[in-house]
Amino acid sequence: MLHLFNRIAREKKTVNAMINLYCKDNHKNDSLCTDCTELRDYAYQRLDNCYFAHEKPVCNKCTVHCYSREKREKIRNIMRYAGPRMIKKHPILAVFHIWDSNIEPKILPRKVKKQNF
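Quick notes on the rules
Residues numbered from 1 in each chain as written. Predicted model: local features only at pLDDT ≥ 70, side-chain atom pairs only at ≥ 80, totals over all residues. Heavy atoms only, no water. Disulfide = S-S within 2.5 Å. Buried < 20%, exposed > 50% of the residue type's maximum accessible area, 1.4 Å probe, protein only. Patch = residues over 30% accessible without salt bridge, like charges linked within 9 Å, V, L, I, M, F, W, Y side chains within 5 Å. Areas by Shrake-Rupley, 256 points an atom, 1.4 Å probe, with all protein chains shown as cover. Salt bridge = Lys/Arg side-chain N within 4 Å of Asp/Glu carboxyl O. Helix = DSSP H or I, 4+ residues; strand = E, 2+ residues; numbered from the N terminus. Polar contact = N/O pair within 3.5 Å; in protein donor to acceptor, adjacent residues only side chain to side chain. Contact = heavy atoms within 4.5 Å. Core = buried A, V, L, I, M, F, W, Y, C linked by side-chain atoms within 4.5 Å.

Draft legend 1. Main features of the state of the cysteines. Scanning all chains against the criterion turns up 0 disulfides. The cysteine Cys59 is free of any disulfide, with Cys66 supplying the nearest cysteine sulfur at 6.4 Å. Residue Cys59 is classed as partly exposed on the basis of its relative accessible area of 29%. Assessed through its relative accessible area of 35%, Cys66 is described here as partly exposed.

This is how it looks when you write it as structure tokens:
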């Protein structure tokens, strides 16, 4: 239960649950297909390297888009499908995700250009 209080671990559980739900219903597999496994692993890698770490907002509110364009579209479709179904299938994760959506995204500091005098 302690892992539910670790933001990155909780985000991994949530994205895993969403991808599993999507794959099972749309690809008709009992286990993750190759494409969904690759996307899950990619999402895990992104979470492990997240700049904001435990203060990260939910992805759709984040100021840094770390997914490639192709993967971002795939995960967006999965979240659109699985999001409304999460409250029934994974109510605790869904409530935490709603709670996490209240985290205000931080803005990365801009690099300051050197001025030549």
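Draft legend 2. Examining a nonpolar patch on the surface more closely. There is a patch of nonpolar side chains on the surface, built from Ile87, Val95 and Ile98 and spanning about 290 Å² of accessible area. Assignment of secondary structure puts Ile87 in helix α3 (residues 69–89). Given the relative accessible area of 48%, Ile87 is considered partly exposed.

Draft legend 3. A look at the pattern of salt bridges. For the structure shown, the criterion picks out 8 salt bridges. When the shortest N-O distance is used, the salt bridge between Asp100 and Arg10 registers 2.7 Å. Of this pair, Asp100 sits in helix α4 (residues 91–100) while Arg10 sits in helix α1 (residues 7–26), placing them 90 residues apart in sequence. Counted as one network, the salt bridges with shared partners bring together Arg7, Arg10, Glu11, Lys56 and Asp100.

Draft legend 4. Representation of the side chain of Glu11 within the structure. Turning to its location among the elements, Glu11 is positioned in helix α1. The class of Glu11 is buried, set by a relative accessible area of 6%. Here the side chain of Glu11 touches Arg7 through a polar contact of 2.6 Å, side chain to side chain. Setting aside residues no more than four positions away along its own chain, Glu11 makes contact with Leu47, Lys56 and Cys59.

Draft legend 5. View of the nonpolar core. One finds Val15, Ile19, Cys36, Ile75, Ile78 and Met86 to be the most contacted residues of the largest nonpolar core, which totals 23 residues. When residues of this core are traced back to their parent elements, those giving at least two are α1, α2 (34–48), α3 and α4. For this core, the leading source of residues is α1, giving 8 residues. Not counting residues within four places of it along the chain, the set of residues in contact with Ile78 comprises Met18, Ile19, Tyr22, Leu39 and Gly83.

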